[in-house]
Amino acid sequence: MRIALFGYGKMGKMLEKLALERGHSIAAKIDLDTKTVDYNCMDVAIDFSTPDSAYDNITNCFEHNVPVISGTTGWLSKFDEAVTKCNNNKGAFIYASNFSLGVNIFFELNKQLAKMMSGIKDYTISLEEIHHTQKLDAPSGTAITLAEGIIENSDYTNWKMEDIQENEISIVAKRIGKTPGTHTVAYGSKVDNIEIKHTAHSREGFALGAIIAAEWLVDKTGVFTMKDVLNLS
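Summary of the structure given here.

Here the focus is the pattern of salt bridges. One pass over the full model with this rule turns up eleven salt bridges. The residue Glu 215 makes a salt bridge to Arg 22 at a minimum N-O spacing of 2.9 Å. Of the two residues, Glu 215 sits in helix α6 (residues 204-217) while Arg 22 sits in the loop between α1 (10-21) and β2 (25-30), which places them 193 residues apart along the sequence. Glu 215 sits in the partly exposed class, given a relative accessible area of 29%.

Along the chain, Thr 59 turns up in helix α2 (residues 51-63). Once residues lying within four places of it in the same chain are set aside, the contact partners of Thr 59 are Ala 82 and Lys 85.

A separate point is α1. Its twelve residues give α1 an end-to-end C-alpha distance of 17 Å, which sits within 8% of 16 Å, the value for a rise of 1.5 Å per residue. Along α1, the residues classified as buried are Met 11, Gly 12, Met 14, Leu 15, Glu 16, Leu 18 and Ala 19. Where the residues of α1 are buried, they touch β1 (2-6), β2, β3 (44-47) and α6. Two residues or fewer past α1, Gly 23 is found with a positive phi of approximately 90°.

Within the open sheet, the five strands sit side by side as β7-β8-β6-β9-β10. Their pairing is mixed. Edge strands, defined here as strands with exactly one partner in the open sheet, are β7 (158-160) and β10 (193-199). Here the strands of the sheet are splayed against their neighbours by 20° on average, with no regard to which way each runs. Direction of pairing for strand β9 (residues 182-188) relative to β10: antiparallel, over a ladder of seven bridges. Residue pairing across strands places Thr 184 opposite Lys 197, the latter belonging to β10. Along the sheet, helix α4 (residues 101-117) contacts β9 and β10; its crossing angle with β10, the most-contacted strand, is approximately 165°.

Definitions and limits used
- Residues numbered from 1 in each chain as written.
- Predicted model: local features only at pLDDT ≥ 70, side-chain atom pairs only at ≥ 80, totals over all residues.
- Heavy atoms only, no water.
- Salt bridge = Lys/Arg side-chain N within 4 Å of Asp/Glu carboxyl O.
- Helix = DSSP H or I, 4+ residues; strand = E, 2+ residues; numbered from the N terminus.
- Buried < 20%, exposed > 50% of the residue type's maximum accessible area, 1.4 Å probe, protein only.
- Contact = heavy atoms within 4.5 Å.
- Expected span 1.5 Å × (residues − 1).
- Pairing = 2+ DSSP bridges.
- Axes fitted to C-alpha atoms, helices over the stretch in contact; angles between N-to-C directions.

As structure tokens, then:
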């Protein structure tokens, strides 16, 4: 499979390494200074670029019949527009705030726990995420996905990082050293705490999940999620 990498930072280099190990070829490495893009040379595109360039990268691929995997966060105000363009072009698209296989299982565990806790009013929920100091957005896309999963399955209505009101989820974002990513969902009461946590040890899990998603997406049409890739009901 010929993979094009949109964004060639640390994640792009990790994607290249793992893709080659899995027998794929790198058709193109597109970064901010790339002037022209040959869409005919690629079977699938993996976008880990920047919030400012992601939407154009993704929709240009749709217009050239290239399936797209995107893990770029910070551009989601245009997500619905991208989905419309994907469908209009009969394209194929997977966006995830986190492609780690473990994190996507964690997402489902988070939803199930929210359902179980929804009728128990003695607990207050909070979210904490820790990432490396070079991460630009806060809170992380993964933390937002966790919060949205709780909101969908409970009486909580919103999330905030400060000035928390009743029925709102507190998210604390920390930037420490070279931390790849740690996410904790905590339910606290006067008598005990319940916590679930995912700790990434490196970027490799994120990159591997994106490549597995790309392998799955080729020759499909539509907008999918990692639940589809992993067959999580």
